[in-house]
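Take a look at the letters that make up each chain.
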Amino acid sequence: MIKEEVKIYPDTTALSEGFTAFIQKLLSVYPRINIALSGGTTPKVVFDYWAENCKDSIDWSRLFFFWGDERCVPPENVMNNYGMTKDHLFDKIPAIPQNNVYRIHGENEPEEEADWYSKILSAKLMQRLDIPSFEIVMLGVGDNGHTVSIFPNQMSLWDSKEICLLTEHPESKMKRVTISGRVVNNAQYVVILATGKNKAEMVRNIIEKREQFFDKYPAARVNPKKGYLYWFLDNEAASLL
Ligand code: 6PG
């Protein structure tokens, strides 16, 4: 039985406020939070909100930033998730210690990087059931139902025994390093952020028809075994619920 809560906000600012309150609540419980950030465009609203409003109100020294996936391009490339986060968050908040950031090196040889990052996660995170466990895994959902960088044409990779693995975007063929579904589902909290009308149908499919799409969409397999799944949605993304 999935332990799930759907939080709906009128707009992205309210969603960012709600997500920040969630982080603050966890910081009042956990001495250290290891968070796997998602990439793409959705997280920008939260990073911009934090840069504008939370420079001094979040104890950044206790937040440790990892990624759930990275595109295999250098940080300077506009497609790089770390590069986007640096532009929207790290460069705006000097209080975030550089030593708290564990990026996936998109510029490195992908197979070697996937292996290296698996070792980093094993070394830095608590192990639960012999798998690294994040306090928070932050996810987006593609309108094709992918999440992290596991795509609908690679469903078998979701249950890979690997901690990190190499995948490829089905259209662009861009190589990606991603955590596996087992690592996603080993988190204490999985949070899925989705905004905008273009996500509404996929959000409804996953939340209301999960079993029907279990073999079709990787996002339908998000189910933290001993944790919680929280959705942070704006009204548009929640409009078909
Ligand atoms: C990535 C992401 C990916 C993303 C979804 C949603 O690197 O692309 O980690 O899983 O979360 O594609 O992306 P948007 O937020 O851009 O819609």
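Above this note sits the structure.
Computed from a predicted model, the values in this text were never measured in an experiment.

Basis of the calculations
Residues numbered from 1 in each chain as written. Predicted model: local features only at pLDDT ≥ 70, side-chain atom pairs only at ≥ 80, totals over all residues. Heavy atoms only, no water. Helix = DSSP H or I, 4+ residues; strand = E, 2+ residues; numbered from the N terminus. Buried < 20%, exposed > 50% of the residue type's maximum accessible area, 1.4 Å probe, protein only. Contact = heavy atoms within 4.5 Å. Patch = residues over 30% accessible without salt bridge, like charges linked within 9 Å, V, L, I, M, F, W, Y side chains within 5 Å. Areas by Shrake-Rupley, 256 points an atom, 1.4 Å probe, with all protein chains shown as cover. Salt bridge = Lys/Arg side-chain N within 4 Å of Asp/Glu carboxyl O. Near = heavy atom within 4 Å. Polar contact = N/O pair within 3.5 Å; in protein donor to acceptor, adjacent residues only side chain to side chain. Nonpolar A, V, L, I, M, F, W, Y, C, P; charged D, E, K, R; others polar. Phe/Tyr/Trp six-rings, centres within 6.5 Å; stacked < 30°, edge-to-face > 60°. Disulfide = S-S within 2.5 Å. Pairing = 2+ DSSP bridges. Axes fitted to C-alpha atoms, helices over the stretch in contact; angles between N-to-C directions. Core = buried A, V, L, I, M, F, W, Y, C linked by side-chain atoms within 4.5 Å.

## Considering the environment of isoleucine 192
Here is step 1 of the chain: Summarising the element assignment, isoleucine 192 is placed in strand 10 (residues 189-194).
Here is step 2 of the chain: Judged by relative accessible area, isoleucine 192 falls into the buried class, the value being 1%.
Here is step 3 of the chain: As for isoleucine 192 and serine 180, which are separated by twelve residues in sequence, their C-alpha atoms are 16 Å apart.
Here is step 4 of the chain: Look past the residues within four positions of isoleucine 192 in its chain and what remains in contact with it is Leu139, Val141, Val222, Leu229, Tyr230, Trp231 and Phe232.

## What to know about a nonpolar patch on the surface
Here is step 1 of the chain: A grouping of Val6, Ile8 and Leu241 is seen on the molecular surface, where their side chains present a nonpolar patch of about 220 Å² in accessible area.
Here is step 2 of the chain: Looking at the element boundaries, leucine 241 is found in the segment after strand 11 (228-234).

## A short note on unusual backbone geometry
Here is step 1 of the chain: Phi is positive for leucine 129, which is not a glycine, with a value near 55°.
Here is step 2 of the chain: By the secondary structure assignment, leucine 129 is in the loop between strand 5 (126-128) and strand 6 (131-133).
Here is step 3 of the chain: When its relative accessible area of 63% is taken as the criterion, leucine 129 is described as exposed.
Here is step 4 of the chain: Phi is positive for lysine 173, which is not a glycine, with a value near 65°.
Here is step 5 of the chain: By relative accessible area, lysine 173 is classed as partly exposed at 48%.

## Some remarks on the site of the ligand
Here is step 1 of the chain: Taken together, 15 residues are adjacent to the ligand, and Thr41, Thr42, His146, Val148 and Lys199 come closest.
Here is step 2 of the chain: The backbone of glycine 39 places a nitrogen or oxygen atom 3.1 Å from an oxygen atom of the ligand.
Here is step 3 of the chain: Here asparagine 81 contributes a side-chain N or O atom positioned 2.9 Å from an oxygen atom of the ligand.
Here is step 4 of the chain: Expressed as a share of its isolated accessible area of 420 Å², the protein-covered part of the ligand is 89%.
Here is step 5 of the chain: When the residues that make up the shell around the ligand are grouped by side-chain class, the tally is two nonpolar, nine polar and four charged.

## Some points on the environment of asparagine 53
Here is step 1 of the chain: Considering the arrangement of structural elements, one finds asparagine 53 in helix 2 (residues 43-53).
Here is step 2 of the chain: For asparagine 53 and glutamate 17, which are 36 residues apart along the polypeptide, the C-alpha to C-alpha distance reads 9.5 Å.

## A look at the packing of aromatic side chains
Here is step 1 of the chain: Under the criterion given, the structure shown has 21 aromatic pairs.
Here is step 2 of the chain: Ring geometry for phenylalanine 22 against phenylalanine 232: centres 5.7 Å apart, planes inclined by 55°, an arrangement best described as tilted. One end of the pair, phenylalanine 22, is in helix 1 (residues 12-27); the other, phenylalanine 232, is in strand 11, and 210 residues separate them in sequence.
Here is step 3 of the chain: You can call phenylalanine 22 buried: its relative accessible area is 7%.

## Looking at the state of the cysteines
Here is step 1 of the chain: Across all of its chains, the model carries zero disulfides by this definition.
Here is step 2 of the chain: With no disulfide of its own, cysteine 164 lies closest to cysteine 72 among cysteine sulfurs, the gap being 11 Å.
Here is step 3 of the chain: Classification of cysteine 164 as buried rests on a relative accessible area of 4%.

## Section: helix 3 (residues 81-90)
Here is step 1 of the chain: In terms of burial, helix 3 is a largely internal element, seven of the ten residues being buried.
Here is step 2 of the chain: Among all positions of helix 3, only Asn81, Tyr82, Gly83, Met84, Thr85, Leu89 and Phe90 are buried.
Here is step 3 of the chain: Buried residues along helix 3 sit in contact with strand 2 (33-37), helix 2, strand 3 (63-67) and strand 4 (69-71).
Here is step 4 of the chain: If you check the start of helix 3, you find a side-chain oxygen 3.0 Å away from the backbone N of tyrosine 82, and it comes from asparagine 80.

## A look at the sheet that holds strand 10
Here is step 1 of the chain: As summarised here, the arrangement of the six strands in space is 1-11-10-7-2-3, forming an open sheet in which the pairing is parallel. Of all strands in the sheet, those bounded by a partner on one side alone are strand 1 (4-9) and strand 3. Direction aside, neighbouring strands of the sheet carry axes that sit 20° apart on average.
Here is step 2 of the chain: Pairing of strand 1 with strand 11, which is carried by six bridges, proceeds in the parallel orientation. Its bridge partner being in strand 11, lysine 7 is matched across the sheet by phenylalanine 232.
Here is step 3 of the chain: This element, helix 1, spans strand 1, strand 2, strand 3, strand 7 (136-139), strand 10 and strand 11 of the sheet and lies at about 155° to strand 11.

## Considerations on the nonpolar core
Here is step 1 of the chain: Residues Phe19, Phe22, Trp50, Trp60 and Phe65 are the most contacted members of the largest nonpolar core, which totals 80 residues.
Here is step 2 of the chain: At seven residues, helix 1 tops the list of elements feeding residues into this core.
Here is step 3 of the chain: Ignoring anything within four residues of it in the chain, the contact list for tryptophan 50 reads Phe19, Thr20, Ile23, Lys55, Ile58, Trp60, Leu89 and Ile93.

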